[in-house]
Amino acid sequence: MKRLFVLIWLLLFAASGMSAQKTVFENVKIRRHRSVEKRVLVDKLGTLTFDDSARKLTFKGDAGDNVDVRYDDVEKAVSEVTTHMRGGVPRAVAFVEIPFGAIAGSVIAGAHVNSHWLFLRYRSGSVEVPVLIKMPQAISEQIVSKASAVFGARMEVTNFPEKAADIKLDNLKGLKSKQVVKVDEKNHPLPETKSDKATVVVVCPTLAAYGASSGADFRLFADDEVVAVNRLGTYSFAYLDPGKHRLISQAENANGFEMDLEAGREYFFLQNTFASGLSAVETVLSRNSPELVEYLVEGSYFSDWKPKEKKKKQ
């Protein structure tokens, strides 16, 4: 009998030791394509687990999304926080979130909301696989701390110095210029790096699949010239001369910052949107990591915009 108790104790001890090697985070979301045919991105709930004994990271999704990757196969990890605002609409309207902005049935109009992201890029054979995880704010620091301990120098915590500020619409000389936007849901051109130009990539993300390519135009100015125009769920890019530029995202408001751009480099931005009433019509510009923006580009449609031609006088 004594030997039986000892055996049971040893088994329980071993089981508890194995459990201690696992760090589990519930209510985590994976952001992925809606389907093989649909480019738009959606969030799906699941559980994120760091298994130190097996040296594996796993995500088990409620909708069947599964990630199972060895720690050593992760080539890069990036932690990033994006800030947006939650607009207030009538109580009868249900909550519909737009990432980096929102339309919500919240009575807390204008409250700041943060989205916490963990991007992973790992190798599966000869293929590089990107994964974007949305962390609950309450446990985001714990996840980032664990990921930093696991991945070490491969983990990057993004924090760009550019801070956006509101700008008076009257100070935009090109405000009255007109553009025509055609959202291309078939073709998906990508920017290139030019030795004599700075490449600017900008995304205006959305979560709700039905909202992609719809809504107001969100224009990006470089100084007083429009260099990109997006709608919810689209991306665009431009090539600018090197030097200092005032970059401004504009809809019903204007917001941006000054920064130096170097030739031969790529720069990545989000036109963060938020609601006024039932529509996302205001914007805040942010500089973001290439990993986050490129992932969102893959889940967005191309904005094939051009200046509107002036009618010839008869």
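Use the structure listed above.
Attention in this report is confined to the structure presented alongside it. Everything quoted here is computed from the prediction, not taken from an experiment. (Residues numbered from 1 in each chain as written. Predicted model: local features only at pLDDT ≥ 70, side-chain atom pairs only at ≥ 80, totals over all residues. Heavy atoms only, no water.)

Core analysis: the biggest nonpolar cluster contains 28 residues, and L220, L240, L247, M259, L261 and F269 have the highest contact counts within it. Apart from residues lying up to four places away in sequence, L220 is in contact with V200, V202, E225, V226, V227, A228, I248, S249, Q271 and L285. V67, V74, A77 and V131 belong to the second largest nonpolar core, which has 25 residues in total. (Core = buried A, V, L, I, M, F, W, Y, C linked by side-chain atoms within 4.5 Å. Buried < 20%, exposed > 50% of the residue type's maximum accessible area, 1.4 Å probe, protein only. Contact = heavy atoms within 4.5 Å.)

With respect to the secondary-structure elements, D65 resides in the loop between β3 (56-61) and β4 (66-70). Only 2.8 Å separates the side chain of D65 from the side chain of R32, close enough to count as a polar contact. Ignoring anything within four residues of it in the chain, the contact list for D65 reads I30, R32, K44, F59 and K60. (Helix = DSSP H or I, 4+ residues; strand = E, 2+ residues; numbered from the N terminus. Polar contact = N/O pair within 3.5 Å; in protein donor to acceptor, adjacent residues only side chain to side chain.)

Now for the side chain of H245. Take H245: it is sitting in strand β17 (residues 243-250). One polar contact links the side chain of H245 to the main-chain carbonyl oxygen of D241, over a distance of 2.7 Å. Excluding its chain neighbours within four sequence positions, the residues that come into contact with H245 are D223, L240, F257, E258, M259 and L261.

This next bit is on the sheet that holds strand β18 (residues 254-261). In spatial order, the strands read β11-β18-β17-β14-β15; together these five strands make up an open sheet with antiparallel pairing. In this open sheet, the two edge strands, each paired with only one partner strand, are β11 (165-166) and β15 (225-230). In this sheet, β17 lies alongside strand β14 (residues 218-222) in antiparallel orientation, the contact comprising four bridges. Looking across to β17, one finds that R219 is bridged to Q250. (Pairing = 2+ DSSP bridges.)

This paragraph deals with the packing of aromatic side chains. Counted under the stated rule, the structure contains seven aromatic pairs. Ring centres of Y71 and F151 lie 6.1 Å apart, and the angle between their planes is 80 degrees; this geometry places the pair in the edge-to-face category. Residue Y71 is located in the loop between β4 and β5 (74-88), and its partner F151 is located in helix α2 (residues 140-151); the two are separated by 80 residues in the primary sequence. What makes Y71 buried here is its relative accessible area of 2%. We classify F151 as buried; its relative accessible area is 3%. Between F237 and F302, the ring centres sit 5.9 Å apart and the planes meet at 35 degrees, which makes this aromatic pair tilted. You can see F237 sitting in strand β16 (residues 234-240) and its partner F302 sitting in strand β21 (residues 301-307), a full 65 residues away along the chain. We classify F237 as buried; its relative accessible area is 17%. In this arrangement the basic side chain of K194 is found over the ring face of Y239, its NZ or CZ atom lying 4.1 Å from the centre. (Phe/Tyr/Trp six-rings, centres within 6.5 Å; stacked < 30°, edge-to-face > 60°. Lys NZ or Arg CZ within 6 Å of the ring centre and 35° of its normal.)

We now examine the pattern of salt bridges. Taken as a whole, this structure holds 18 salt bridges when the rule is applied. Here D217 ties to R231 by a salt bridge, and the two come within 2.8 Å at their closest N and O atoms. Here the residue D217 occupies a position in the loop between β13 (198-204) and β14, and R231 occupies one in the loop between β15 and β16, the gap between them amounting to 14 residues. A relative accessible area of 30% means that D217 is categorised as partly exposed. For the salt bridge of R265 with E262, the shortest nitrogen-to-oxygen distance reads 3.8 Å. Judged by its relative accessible area of 35%, R265 is partly exposed. Using a relative accessible area of 45% as the deciding quantity, one classes E262 as partly exposed. (Salt bridge = Lys/Arg side-chain N within 4 Å of Asp/Glu carboxyl O.)

Time to look at the environment of P130. Inspection of the secondary structure assignment puts P130 in strand β9 (residues 127-135). Using a relative accessible area of 41% as the deciding quantity, one classes P130 as partly exposed. Between the C-alpha atoms of P130 and R32, which are 98 residues apart in sequence, the distance is 9.7 Å. When sequence neighbours within four positions are dropped, the list of residues in contact with P130 reads F119, L120, R121 and Y295.

Bridge count between β17 and β18: eight bridges; the pairing is antiparallel. Paired with Q250 across the strands is A254, a residue of β18. If you look at the hairpin formed by β17 and β18, you'll find three residues sitting between the two strands.

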